[in-house]
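# Structural overview
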Amino acid sequence: MIIEIAWKNVWRNKTRSMIVITAVTIGVFAGVFSIAAMNSSIVQRIDAAVNEELSHIQINNKDFRSSSDIQNVIADFPSLIAVMEATPGVINTTGRIVIKGIASTASKSTGVEITGIDVEKEKKMFTLSKKLIPGTGSFFGSETKFNTVFIGEKLAKDLNIIRYTLTQEAFSKLETEGIPSAVILKLGSLGDQKYPTDKKFSNAVENLLTSSEKNKFSLKIKEAAWSYREGSKIILSFLDMNNNQTGAAFRVSGIYRTNNDMFESLSVFVPVNELRELTGMKEGTYHRVIARLDNNDLTDVVTRGLRESLPGLEVLSWKEIQPDLAMLADMMQQIYGIFMAIILAALAFGIVNTMLMAVLERTREIGMLAAIGMNRRKIFSMIMLESIFLSIVGGIMGMLVSGIVIAATAKNGINLVKYSEGMEAFGYTAHLFPTIDVQFFITTTILIVLTGILSSIYPARKALKLNPVDAIRGE
Amino acid sequence: MAVVEINNVYKSYHDTEVEVKAINGVTLSFDKGDFSVVVGPSGSGKTTLLNLIGGLDQPTGGEILVAGHRLSELRPSELIDFRMEHVGFVFQSYNLIPVLTAAENIGFIMNLQKWPKEKRKVRTDELLSSVGLTDRHNSRPSQLSGGQQQRIAVARALATHPEFILADEPTANLDSKSAESLLDIMEKLNREEQMTFIFSTHDVRVMKRARRVITLEDGKVILDETRS
C-alpha cells in the first residue's frame, strides 16, 4: 500500500515530477555519454599501444633499454621462449632485433628505431599490417631483390616520400565525395602541379579557398591529392655488431597510418633476416621478446610471474613501458568518479528540493496520516520511496538514452576532425567510438538509487518532525 | 459504561512569556453510544479537548482514560497505534488522501491494520452503502462534492470499529443540505450501531441533534446539559 501511495504521489504533480525526471535523465545522459566518449579515447589509445606498438609484455636484456647497445642481446632465446610459452595467459611470442639508426632520403634525414621482425608471426600477432595505407604497397608482400622497410606516414612525409598532386583522378574523387563544384573549380588552377610537402600544398589550397571552405574541405582535398612515390627508397644507417657504421638502401614496402604521429615518425620495420645480415648478428639472437596475452586484464599478473621466472632479464608490461598511458587510464577512472559525483550531487539537490516542496505542500495531509494511525516508519518510507521512484525513473531513462546514443555513435563514431592534428600528435584518435562496459552501467544505476535514498532522508525527516495537531490546523 | 474518562485535566501553552490555560481543570466522561457536542466561543478549548481525548496532544495535568488506556502512560509510538485502533477522526476539511479513490480512502486504516483483502472489500462496500455513496466507489476526492468527501471521511473513521468518533467542526465547510444529510448518517450510525460521537462545533444544526451539550469557556466546563 505504501509503495502504491508513494508511486501515485510521484504523479500527483505531473509537471514538477516530469521536470525533475527530465533533469535527472539529461544529467545521467550527459555524464554517461561524456564518460563513454572520453573512455573510448583511452580504450582506443591502449588498444593501439598494445596491438600496434608495444604488445602486452616486453622482455629485454637487462642493460638494453638504458644503453641501446646492439651487443645487449638476450642470452638464451630458446629457453626464454619455452618459459613464456609455458606461462598461462601467454598466447603468442616473437623475437625482435631493435637498433637505433638514421633514415635518409636525398633531401632529408631523421633518427629512427629500426625493428627487425619475423614478418609472418608479427602479421598474426599485431594489427600494424592492417594499418597499411591503400595504394602504398604491402606489408612485405612483394618479392624484390632489395631490402624492404615498412614505414609510417609521418616519416614518409618527413622524408619527402609523399607528394601532393591534384590529378584528374583526384578531382573525380572530390566530386564523388560531394565537394561543391564551385570549390573544385577554384582548385582547377592547381591541376597536376606537384607539391613535395604537406605545408606547401596546404598553403596553395588555402590561398584559393575561403576560411569556411578551408575548414570544411581541406582534409578531403589533401586526402585526394595525397600520393606516394612508388618504389621510393630510403637509406637506413646504423652500427653493426663490431660497432662499425653500416647501412643500406631499403625499398619502401608499404606505408602505415596510425593515430600516433610520434610512433609513425620513429618506428620502421624490416624483416629480421635482412637486419641480421647487415648487422652481423648471429642466428637466434634477439634484443627483445614480446608476448601477447589472452586478455589485457592478465597483464599485471603475468608480468609479475614472468619477472619471478626470469630474474636475469628485464620484464616490462605495456603499463611500465608507457607509464603515462597507464597513469592516464587510472586517472581517467578518478575523473569519471568525480564527474559522476558532481552529476549525482546535482541530482540529489534536485530531488531534495522537489521532495521538500512536496512535504511542505502536504503538511496537512501528512499530519492527518499521523493522526489516523500511520506510524513514523511508514511515513518515512513513503517519502523515501517517492524520492527513489523519481531518481529511478530519471536514472533508467538517462541510462536508456545513453545506451541508445552510445550504440548509435559506436557504429560510425564521432569524428572530431578539427582536433585531429593535435590529438594524433599525442597518439590519440580524433575518431571516437564511444564505449562503456556493462559494469559501469550497473554501478551507475546503483549509485543513482543510493542518491535517491540519501536525498530522501532530509525531506523524510522533515515530514516526521511535523506535529499532527499543528499540521492538521495547516500551520 | 464510560468509553472516555477525563479527570481534572489541564493543558497550558506558553505564548511568549504568558501562560495560556487552554483546558483548565476539566472533568468529564463519555459513555458508549453518546452523541455529544462540545460547544463554546472560539478559543474556549473545544479543539484542544478533542485533541487530548484523541491522543494527539498530551495534557499538562490530570489524566485521560480511553477504553482502559491511560494516555499519559503511552509512548509516542503506542499513541499512534492507540489512535489507529480506538479512535476515528473526522476533520473540518475532510482530509482525504487525494491520490486514492473513495473506496481506497475508506480501506486505508483497514490496510494499516492489515485486514485481509476480502474482508476489507466487504467492509468498504458496507460503509459506502451506509453513507449512500456506493456509486462513487472509484471516484477520487477531487471528483466529489464537499458533502460527499465528508461522508467518505466518516466512513473511513468508522471502518475499523473504533471506540468513538471525534468530529472537529465536521459541518463547518458544508452547505445546509449536505450538513443535514451528513448528520442524518451520523445519527443513524449512532442509533443503529451504538457508535459514540463527540463533536466540537459552532453549528446550531449539530447542537440541535445532540443528546448532550457541553459548553466550554476559558477552558472550563460551564454547562453540561443532557437531553432526553
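A brief report on the enclosed structure follows. (Residues numbered from 1 in each chain as written. Chains lettered and ligands numbered in written order. Predicted model: local features only at pLDDT ≥ 70, side-chain atom pairs only at ≥ 80, totals over all residues.)

### Some words on the sheet that holds strand β2 (residues 18–31) of chain B
All names here are of chain B. Rules: Strands qualify as paired when DSSP identifies two bridges or more between them. Each helix corresponds to a stretch of at least 4 residues labelled H or I by DSSP, and each strand to a stretch of at least 2 residues labelled E; elements are numbered beginning at the N terminus. Working definition of a contact: two residues with C-beta atoms, positioned from the backbone, lying within 7 Å. Lines fitted to C-alpha atoms define the axes, with helix axes restricted to the stretch in contact, and inter-axis angles between N-to-C directions lie between 0 and 180 degrees.
Spatial ordering of the open sheet is given by β2-β1-β4-β5, a layout of four strands whose pairing is antiparallel. Looking at which strands have only one partner, the edges of the open sheet turn out to be β2 and β5 (69–70). Docked against the sheet, helix α1 (residues 46–53) engages β1 (2–15), β2 and β4 (61–66), running at close to 60 degrees with respect to β2.

### A look at the interface of chain B and chain A
One frequent convention defines the size of an interface as the accessible area lost when the parts assemble. Here is the rule: Each residue is assigned to one of three groups, with Ala, Val, Leu, Ile, Met, Phe, Trp, Tyr, Cys and Pro labelled nonpolar, Asp, Glu, Lys and Arg labelled charged, and all others, Gly among them, labelled polar.
Opposite the 16 residues of chain B that make contact, chain A presents 17 residues. Going through the elements one at a time, α2 (76–86) and α3 (102–112) of chain B are the ones with two or more residues in the side of chain B that touches chain A. Sort the elements by how many residues they give to the side of chain B that touches chain A and α2 of chain B lands first, with five residues. Residue classes in the side of chain B that touches chain A are distributed as nine nonpolar, four polar and three charged.

### So, the pairing of strand β3 (residues 35–39) of chain B
All names here are of chain B. Keep this limit in mind: Any residue with 12 or fewer other C-beta atoms within 10 Å of its own C-beta is exposed, any with 20 or more is buried, and the rest are partly exposed; the C-beta atoms used are placed from the backbone.
Burial of β3 is extensive: five of the five residues sit out of reach of the surface. Across four bridges, the pairing between β3 and strand β8 (residues 196–200) is parallel. Across the sheet, valine 38 pairs through a bridge with serine 200, a residue of β8.

### A short note on helix α10 (residues 211–225) of chain A
Structural remark: α-helix, 3.6 residues per turn; residues separated by three or four positions point the same way. All names here are of chain A. This is how the line gets drawn: Residue count minus one, scaled by 1.5 Å, sets the expected span of a helix.
The terminal C-alpha atoms of α10, which comprises 15 residues, lie 19 Å apart, in line with the 21 Å expected from a rise of 1.5 Å per residue. All of the buried residues along α10 are Phe217, Ile221, Ala224 and Ala225. Buried-residue contacts for α10 involve β5 (162–165), α7 (168–176), α8 (181–187), α9 (198–208) and β7 (226–228).

### Notes on the packing of helix α5 (residues 146–158) of chain B against helix α6 (residues 176–193) of chain B
Residues and elements named next belong to chain B. Note the following rule: Any angle that is under 35 degrees is reported as roughly parallel, and any over 145 degrees as roughly antiparallel; angles of 65 to 115 degrees are reported as roughly perpendicular and all others as oblique. Crossing handedness is defined as follows: a turn of the near helix away from the far one that is anticlockwise and smaller than a right angle gives a left-handed crossing, while the clockwise case is right-handed.
Running from N to C, α5 and α6 point in directions that differ by 20 degrees, and their axes come no closer than 9 Å. By the angle between their axes, α5 is roughly parallel relative to α6. Of the two possible hands of crossing, α5 and α6 adopt the one that is right-handed. Of the residues in α6, those touching α5 at Gly146, Gly147, Gln150, Arg151, Val154 and Leu158 are Ser178, Ser181, Leu182, Ile185, Met186 and Leu189.

### Some details on the pairing of strand β10 (residues 267–271) of chain A
Residue and element names in this part refer to chain A. Taken across its five residues, β10 has five buried, putting it largely inside the fold. Neither face of β10 is left uncovered, since the one carrying Ser267, Phe269 and Pro271 and the one carrying Val268 and Val270 both have all their residues buried. Bridge analysis of strand β3 (residues 109–117) against β10 gives five bridges, and the strand direction is parallel. Looking at β10, one finds that threonine 115 is bridged to phenylalanine 269.

### Digging into the packing of α9 of chain A against α10 of chain A
All names here are of chain A. α10 packs onto α9 with a crossing angle of 135 degrees between their chain directions and a minimal axis gap of 11 Å. Between α9 and α10, the crossing angle belongs to the class labelled oblique. Read as a crossing pair, α9 and α10 show a hand that is right-handed. Here Phe201, Ser202, Val205 and Glu206 of α9 come into contact with α10, specifically with Lys214, Ser218, Ile221, Lys222 and Ala225. Within the contact of α9 with α10, the residues separate by chemical class into four nonpolar, two polar and three charged.

### Some remarks on the sheet that holds strand β9 (residues 212–217) of chain B
Residue and element names in this part refer to chain B. If you walk across this open sheet you meet the six strands as β6-β7-β8-β3-β9-β10, and the pairing is mixed. The two strands at the open ends of the sheet, each matched to only one other strand, are β6 (87–90) and β10 (220–226). Adjacent strand axes in the sheet meet at a mean angle of 20 degrees, parallel and antiparallel pairs treated alike. For β3 and β9, the ladder comprises four bridges, and the chain directions are parallel. Bridge pairing links valine 38 to isoleucine 214 in β9.

### Points about the environment of glutamate 126 of chain B
All names here are of chain B. Take glutamate 126: it is sitting in helix α4 (residues 117–130). According to the C-beta neighbour criterion, glutamate 126 is partly exposed, with 14 such atoms within 10 Å. Between the C-alpha atom of glutamate 126 and that of alanine 159, which follows or precedes it by 33 residues, the distance is 9.4 Å.

### Section: unusual backbone geometry
Residue and element names in this part refer to chain A. Notably, phenylalanine 140 is not glycine yet its phi reads approximately 55 degrees, a positive angle. Looking at the secondary structure, you find phenylalanine 140 in the loop between α5 (119–125) and β4 (147–152). Despite not being glycine, aspartate 192 shows a phi value in the positive range, around 65 degrees. Considering the arrangement of structural elements, one finds aspartate 192 in the loop between α8 and β6 (194–195).

### Observations concerning the environment of glycine 403 of chain A
With respect to the helices and strands, glycine 403 of chain A occurs in helix α17 (residues 376–412). Taking the C-beta count within 10 Å as the criterion, glycine 403 of chain A has 16 such neighbours and is therefore assigned partly exposed.

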